[in-house]
Amino acid sequence: MNSTTLSVGQAAQQMGYAAAEPTSARERQRLELRMLIRFRWLTVIGLVGLLATAGLWDSAPTLLAVLGVAAVLVVISNVWLSSALLHLADVQAMSGRWVLVLDTLLLTCLLAASGGVTNPFSALYLMYVVLAAMLAPPLWAWALWMLGVACWGALFLLPNEHLHHMGGHLIGMWVVYILLGPLLAYVLIRLRRERAELQGRLVSMRTQQARAERLASLGTLAAGAAHELSTPLSTISVVLHELRAGIDSNSSIAADLTLMATEVERCVEVLEQLSTDAGSGVGELADSITVSQLIDDLLARLPASLAERVALEVSVADLCIVVPRRLLARALRGLVKNAVEASASGSSVMLRAAKADGFVQLEVEDCGGG
């Protein structure tokens, strides 16, 4: 059985039925860069919109210059990221993550030029923590949070006439960011990990299902082949038996015919084994037969040289039993065959069938030394 099962497994591997690999690190990096590029193009649109509407509000030249420089830097870095997306093998995995550091510093410069710590858009520091938690390793989320704490804190050092009126409120906003940033990063990182684990389990389940379906197809093919070949082998066995009956048992042709009959029986056993290993007998339904029919099935598949060494002691020959007929006969055949081979040459093996406690007890006794 083991050899047949191994052969089916090796055949499955040779036919390309190996487990599918999960998404590679390079593909994950591509997804991260693609999402980051799209987000940063939206940022460019926002900066250009601010520059276009600068005449509608009292804007200082410094702010306009910072807006222009920020827009140019974001465009250049985004073009570089787009190139990295096309030639990912030549770019380090850290490329897209350093851009988040650049964006955090650019946001600090914009805030410094447009009201400093009193600018309500200071809360945008939290956005980069969220992006890092979603697109980068956990260490980068904590690094972006610490950078945001430092940059927001540095805005308090800039001169601001409204700071003494709103100091408590502004410090409170900074403290909220300090407290909320790690919590939000932790939750997003956990969700990201659970999502990755779920995807891995789904990939594994789909791989196992596909492998089972392919092995089932192989099993069906093997069982069909065994079924189709059993008929011609049975015909050959009958013809060999008739030929042997009409030839002198001492001739060389009789010996050859006996060898052929033995090999045909071996082929039949191999086909039956193949059919069982392929799964055709695993779910065999129980059938009502007599004990004598079961024993006949057992002996019919044994080579003649082994069958003649089996002695029977059956007291319940006509008793009906409900069993999986083919599988039980095959199991008993294996026991009898092992018993005969373990016994001394010329000695017989006893096969007993008796009723015990409402059940039929089958017993195989040999004369071996084991």
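Residues numbered from 1 in each chain as written. Predicted model: local features only at pLDDT ≥ 70, side-chain atom pairs only at ≥ 80, totals over all residues. Heavy atoms only, no water.

Undergrad: Describe the overall build of the protein chain, with residues and values.
TA: Assigned secondary structure in the protein chain consists of 11 helices and 5 strands. Considering the protein chain as a whole, with its 370 residues, one finds that 30% of them fall into the buried category. Taking all contacts inside the protein chain whose residues are at least 6 apart in sequence as the whole, residues at least 24 apart take part in 77%. Accessible surface computed for the protein chain: about 22,200 Å², of which carbon and sulfur atoms make up 64%. (Helix = DSSP H or I, 4+ residues; strand = E, 2+ residues; numbered from the N terminus. Buried < 20%, exposed > 50% of the residue type's maximum accessible area, 1.4 Å probe, protein only. Contact = heavy atoms within 4.5 Å. Areas by Shrake-Rupley, 256 points an atom, 1.4 Å probe, with all protein chains shown as cover.)

Undergrad: Tell me what's going on with the pattern of salt bridges, and back it up with residues and numbers.
TA: With the rule as written, the count across this model stands at 6 salt bridges. With a shortest N-O distance of 3.6 Å, arginine 352 and glutamate 363 are connected by a salt bridge. Placement of arginine 352 in strand β4 (residues 349-356) and of glutamate 363 in strand β5 (residues 359-365) is noted, with a sequence separation of 11 residues between them. A relative accessible area of 22% places arginine 352 in the partly exposed class. (Salt bridge = Lys/Arg side-chain N within 4 Å of Asp/Glu carboxyl O.)

Undergrad: Which residues make up the sheet that holds β5, and what values go with them?
TA: As summarised here, the arrangement of the 3 strands in space is β2-β4-β5, forming an open sheet in which the pairing is mixed. Looking at which strands have only one partner, the edges of the open sheet turn out to be β2 (310-314) and β5. Each adjacent strand pair in this sheet contributes to an overall mean axis angle of 15°, direction not counted. On top of the sheet, helix α11 (residues 325-342) reaches β2, β4 and β5; it is set at about 25° to β5, its chief contact. (Pairing = 2+ DSSP bridges. Axes fitted to C-alpha atoms, helices over the stretch in contact; angles between N-to-C directions.)

Undergrad: An account of a nonpolar patch on the surface is requested, with residue identities and associated values reported.
TA: Together, Val176, Leu180, Leu183, Tyr186, Val187 and Leu191 line one region of the surface with nonpolar side chains, adding up to about 540 Å² of accessible area. Residue position: leucine 191 is located in helix α7 (residues 163-245). (Patch = residues over 30% accessible without salt bridge, like charges linked within 9 Å, V, L, I, M, F, W, Y side chains within 5 Å.)

Undergrad: Explain the packing of aromatic side chains to me, and be specific about the residues and the numbers.
TA: As enumerated under the stated definition, the model contains 5 aromatic pairs in all. What links up through ring pairs into an aromatic cluster is the set Tyr125, Trp152 and Tyr177. (Phe/Tyr/Trp six-rings, centres within 6.5 Å; stacked < 30°, edge-to-face > 60°.)

Undergrad: Mind laying out the environment of tryptophan 140, listing which residues take part and the relevant values?
TA: Relative to the elements of secondary structure, tryptophan 140 occurs in helix α6 (residues 138-155). Spatially, the C-alpha atom of tryptophan 140 lies 8.4 Å from that of valine 129, the residues being 11 residues apart in sequence.

Undergrad: Talk me through the confidence of the model for the protein chain; I want residue IDs and the actual numbers.
TA: Chain-level pLDDT for the protein chain is 77 on average; 83% of the residues reach the 70-or-more range. Within the protein chain, the element-level pLDDT minimum falls on helix α1 (residues 2-14), averaging 35, and the maximum on α6, averaging 89. The low-confidence segment residues 1-23, where pLDDT is below 50, has 21 contacts with residues more than four positions distant or belonging to other chains. (pLDDT = per-residue confidence, 0-100.)

Undergrad: Could you give me a rundown of the packing of helix α9 (residues 291-300) against α11, with the residues and numbers involved?
TA: The N-to-C vectors of α9 and α11 enclose an angle of 60°; their axes lie 8 Å apart at closest approach. Judged by the inter-axis angle, α9 sits oblique to α11. The way α9 lies across α11 gives a crossing that is right-handed. Contacts between α9 and α11 involve Gln293, Leu294, Asp297 and Leu298 from the first element and Arg325, Leu328, Ala329, Leu332, Arg333 and Val336 from the second. Its residues assigned to classes, the contact of α9 with α11 comprises 6 nonpolar, 1 polar and 3 charged. (Parallel < 35°, antiparallel > 145°, perpendicular 65-115°, else oblique. Left-handed = near helix turned anticlockwise from the far one by under 90°. Nonpolar A, V, L, I, M, F, W, Y, C, P; charged D, E, K, R; others polar.)

Undergrad: Before we move on, can you summarise the nonpolar core with the specific residues and values?
TA: Counting residues in each nonpolar core, the largest one holds 34 residues, and the members touching the most others are Leu100, Tyr125, Leu144, Trp152 and Tyr177. Of all the secondary structure elements, the ones that give two or more residues to this core are α2 (25-52), α3 (61-86), α4 (95-113), α5 (125-135), α6 and α7. Setting aside anything within four residues of it in sequence, one finds tyrosine 177 in contact with Tyr125, Leu126, Val129, Leu144, Trp145, Gly148, Val149, Trp152 and Pro182. Listed in part, the 19 residues of the second largest apolar core include Ile289, Val291, Val323 and Val336. (Core = buried A, V, L, I, M, F, W, Y, C linked by side-chain atoms within 4.5 Å.)

Undergrad: Which residues make up the packing of α5 against α6, and what values go with them?
TA: Contact geometry for α5 and α6: axes closest at 8 Å, N-to-C directions at 170°. The orientation of α5 with respect to α6, classified from their angle, is roughly antiparallel. On α6, the residues touching Tyr125, Tyr128, Val129, Ala132 and Ala133 of α5 are Trp140, Ala141, Leu144, Trp145, Gly148, Cys151, Trp152 and Leu155. Residues belonging to the contact of α5 with α6 are distributed by class as follows: 12 nonpolar, 1 polar and no charged.

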